[in-house]
Amino acid sequence: MKLQARAVIHEATLAGVCGEDVSIVERGSDGCILLTSVVDAEKIIEALSQALGVDIPTAPVTVSGEGSRTVSWLSPRSWLMHVPENEADNVIEAVGQAFPERRVHASPYSDHICWFDIEGKGAEVLLRQGGFISLERKGLPVNAVKRTLVAGMPLLVRRCAEGGWRVGVERSRAQYFIDWMIETQKDNSRRVVG
């Protein structure tokens with residue numbers, strides 16, 4: 001029996017709570033798989049890409065694939081794959097068959113992370129309030145992912161579009177993250193008014 005993860009946002013969308021130019025939507029349909037290799041990536045990258053049907057990114061902050069099947073680079077030997085939730089078990093099985101000696105391990109990760117789409121002109125400013133998105137001059141480019149701290153919480157932050165972000169936060173800290181965004185926006189509004 002598979003339990004349905006409890007939603008953090010009790011309505012479909014938080015619109016206007018973090019300002020008129022920011023909306024937050026909790027994603028509930030992603031299947032996530034953590035891929036880890038016990039050997040250097042160049043030894044398994046081709047076979048892993050073939051088993052997954054998606055090229056594995058080999059450089060920091062990169063994402064490969066498109067639509068509902070993407071793979072994000074986490075470290076030289078680990079990646080996070082997004083697939084439709086009903087495909088996750090098949091992907092894990094395919095990795096097991098491609099690597100029966102367990103040089104690569106695929107584990108279900110959907111229940112560990114809550115994902116939020118944060119969009120609007122003020123989304124980047126809001127995320128920057130609690131940390132930094134990138135030290136690069138142009139910031140995090142579109143279709144790139146980065147692990148970073150925001151409000152003291154480790155997050156996966158992916159820029160999906162110029163004004164659109166997908167943020168992954170540990171499920172145990174997800175409510176704190178939402179509360180932090182709401183309070184930060186309220187504090188910013190008070191400063192502007194006062």
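Going by the structure above, here's the rest.
Notes on the structure in this doc start here. Sequence order as written defines the numbering, with residues in each chain counted from 1. Only residues with pLDDT of at least 70 get local features here, since the model is predicted, and only at 80 or more are side-chain atom pairs given and counted; chain-wide, interface and lining totals rely on the full set of residues. For the side-chain quantities, the full set of heavy atoms in the structure was used; hydrogens and water were omitted.

Quick notes on the environment of Leu-80
The helix count covers DSSP runs of H or I at least four residues long, the strand count covers runs of E at least two residues long, and both are numbered beginning at the N terminus. Relative to the helices and strands, Leu-80 resides in strand 6 (residues 78–84). Think of it in three bands: with a 1.4 Å probe and only protein chains considered, a residue is buried below 20% of the maximum accessible area for its type, exposed above 50%, and partly exposed in between. Using a relative accessible area of 2% as the deciding quantity, one classes Leu-80 as buried. Whether two residues are in contact is decided by their heavy atoms, any of which lying within 4.5 Å being enough. Those residues in contact with Leu-80 that sit more than four places away from it in its chain are Cys-32, Ile-33, Leu-34, Thr-70, Val-71, Ser-72, Leu-74, Tyr-109, Ile-113, Trp-115 and Leu-156.

Considering empty space enclosed by the protein
Every definition here rests on a 1 Å grid over the protein atoms only: cavities are sets of points where a 1.4 Å probe fits but cannot get out, pockets are open sets enclosed by protein on both sides within 12 Å along at least five of seven lines, and lining residues have some atom within 4 Å of a point. Grid points are joined across faces, edges and corners, and a volume is the space filled by probe spheres set on the points. Considering all chains together, one arrives at one cavity of 30 Å³ or more under this definition. Taken as a whole, the largest cavity holds about 60 Å³ of empty space. For the lining of the largest cavity, the elements supplying multiple residues, two or more each, are strand 6 and strand 10 (153–161). The residue makeup of the lining of the largest cavity, split by class, is four nonpolar, two polar and two charged. Polarity classes work like this: nonpolar for Ala, Val, Leu, Ile, Met, Phe, Trp, Tyr, Cys and Pro, charged for Asp, Glu, Lys and Arg, and polar for all others, with Gly in that last group.

Looking at the pattern of salt bridges
Pairing between side chains of opposite charge can happen when their charged atoms approach one another. Salt bridges are identified by distance alone: a Lys or Arg side-chain nitrogen within 4 Å of an Asp or Glu carboxyl oxygen. All told, the structure shown has nine salt bridges when counted by the stated rule. Of the charged contacts, one joins Glu-87 and Arg-69 as a salt bridge, the two residues approaching to 2.6 Å between their closest N and O atoms. Of this pair, Glu-87 sits in the loop between strand 6 and helix 2 (88–98) while Arg-69 sits in strand 5 (residues 69–75); the two residues are 18 residues apart in sequence, bridging distant segments of the chain. Residue Arg-69 is classed as partly exposed on the basis of its relative accessible area, which comes to 23%. Of the charged contacts in the structure, one is a salt bridge between Glu-124 and Arg-128, with a shortest N-O distance of 2.6 Å.

Things to note about the packing of helix 1 (residues 45–52) against helix 2
Axes, fitted as lines to C-alpha atoms, cover a helix only where it is in contact. Angles between the N-to-C directions of the axes lie from 0 to 180 degrees. Where helix 1 meets helix 2, the axes come as close as 9 Å, and the angle between the chain directions of the two elements is 140°. Judged by the sense of rotation from one axis to the other, the crossing of helix 1 with helix 2 is right-handed. Contacts between helix 1 and helix 2 involve Leu-48, Ala-51 and Leu-52 from the first element and Val-91, Ala-94, Val-95 and Ala-98 from the second. For a crossing to be left-handed, the near helix must be turned anticlockwise from the far one by less than a right angle; the clockwise case is right-handed.

Comments concerning the nonpolar core
The set of buried Ala, Val, Leu, Ile, Met, Phe, Trp, Tyr and Cys residues whose side-chain atoms join them within 4.5 Å is what this entry labels a nonpolar core. Membership of the largest hydrophobic core comes to 24 residues, with the highest contact counts inside it found for Phe-116, Ile-118, Leu-155, Val-169, Phe-177 and Met-181. Going through the elements one at a time, strand 2 (19–27), strand 8 (113–119), helix 3 (123–128), strand 9 (144–150), strand 10, strand 11 (164–170) and helix 4 (174–193) are the ones with two or more residues in this core. Considering every element that reaches this core, the biggest residue donor is helix 4, with six residues.

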